[in-house]
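# Coordinate analysis (summary)
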Amino acid sequence: MLKKFALIMTLFLCLSPVARAEYPSDVTILDKGSIARLSDDQLINAYEDTLVEIEASKTFHTTSGFSPKEYKDYKELLKYRLLLLVEIHSRNLELPQF
């Protein structure tokens, strides 16, 4: 009886809409040339948006795990953050702190 209950609960949790929820990124990933053309304010805003998105993604995924697509998106977001950071440093701008 306990095994049946555990199996039913596991299936219910795995098939519920909350368990399948995905939160697509609101950040537009730009290439290196597009990043270089951003104004200082746009660059800082893009970096801040990326930090927020990464932190939100970490919080969500530490409890539910990554699908292969989500993992790929997360890696792209980390790469984008790195490109923004490089551009901020090349312009000798102050890095916003979280």
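Residues numbered from 1 in each chain as written. Predicted model: local features only at pLDDT ≥ 70, side-chain atom pairs only at ≥ 80, totals over all residues. Heavy atoms only, no water.

Attention now goes to the overall build of the protein. Summing up its helical and strand segments, the protein has five helices and zero strands in all. For the protein, with 98 residues in total, the buried portion stands at 22%. Restricting to contacts in the protein with at least 6 residues of sequence separation, those with at least 24 account for 77%. Carbon and sulfur atoms make up 62% of the accessible area of the protein, which totals about 7500 Å². (Helix = DSSP H or I, 4+ residues; strand = E, 2+ residues; numbered from the N terminus. Buried < 20%, exposed > 50% of the residue type's maximum accessible area, 1.4 Å probe, protein only. Contact = heavy atoms within 4.5 Å. Areas by Shrake-Rupley, 256 points an atom, 1.4 Å probe, with all protein chains shown as cover.)

A word on the pattern of salt bridges. All chains considered together, the criterion is met by two salt bridges. For Asp 40, the salt bridge is made with Arg 91, and the minimal N-O distance between the two is 3.0 Å. Placement of Asp 40 in helix 4 (residues 40-64) and of Arg 91 in the segment after helix 5 (68-90) is noted, with a sequence separation of 51 residues between them. Overall, Asp 40 belongs to the partly exposed group, its relative accessible area being 39%. With relative accessibility at 21%, the residue Arg 91 sits in the partly exposed group. Between Arg 91 and Glu 87 there is a salt bridge, with the nearest N and O atoms lying 2.8 Å from each other. Within this structure, Asp 40, Glu 87 and Arg 91 form a network of salt bridges that share partners. (Salt bridge = Lys/Arg side-chain N within 4 Å of Asp/Glu carboxyl O.)

This part is about the nonpolar core. The nonpolar side chains of a soluble globular protein tend to be buried with one another. Judged by nonpolar contacts, the single largest core of 14 residues is most densely connected at Ile 35, Leu 43, Ala 46, Tyr 47, Tyr 80, Leu 84 and Ile 88. Those elements that place two or more of their residues in this core are helix 4 and helix 5. Of all the elements, helix 4 adds the most residues to this core, at six residues. Residue contacts for Leu 43: discarding those within four places in its chain leaves Ile 35, Leu 38, Leu 84, Glu 87, Ile 88, Arg 91 and Leu 93. (Core = buried A, V, L, I, M, F, W, Y, C linked by side-chain atoms within 4.5 Å.)

Across the protein, pLDDT averages 76, with 66% of residues at or above 70. Ranking the elements of the protein by mean pLDDT puts helix 2 (residues 17-20) last, at 45, and helix 3 (residues 32-36) first, at 93. Predicted confidence is poor over residues 16-20, with pLDDT under 50, and the contacts of this stretch with residues over four places away or in other chains come to four contacts. (pLDDT = per-residue confidence, 0-100.)

Its place among the elements puts Glu 87 in helix 5. Glu 87 gets classed as buried once you look at its relative accessible area, which sits at 16%. Within the structure, Glu 87 has its side chain in polar contact with the side chain of Arg 91 (distance 2.8 Å). With residues up to four places along the chain from it excluded, the contact list for Glu 87 reads Ile 35, Ala 36 and Leu 43. (Polar contact = N/O pair within 3.5 Å; in protein donor to acceptor, adjacent residues only side chain to side chain.)

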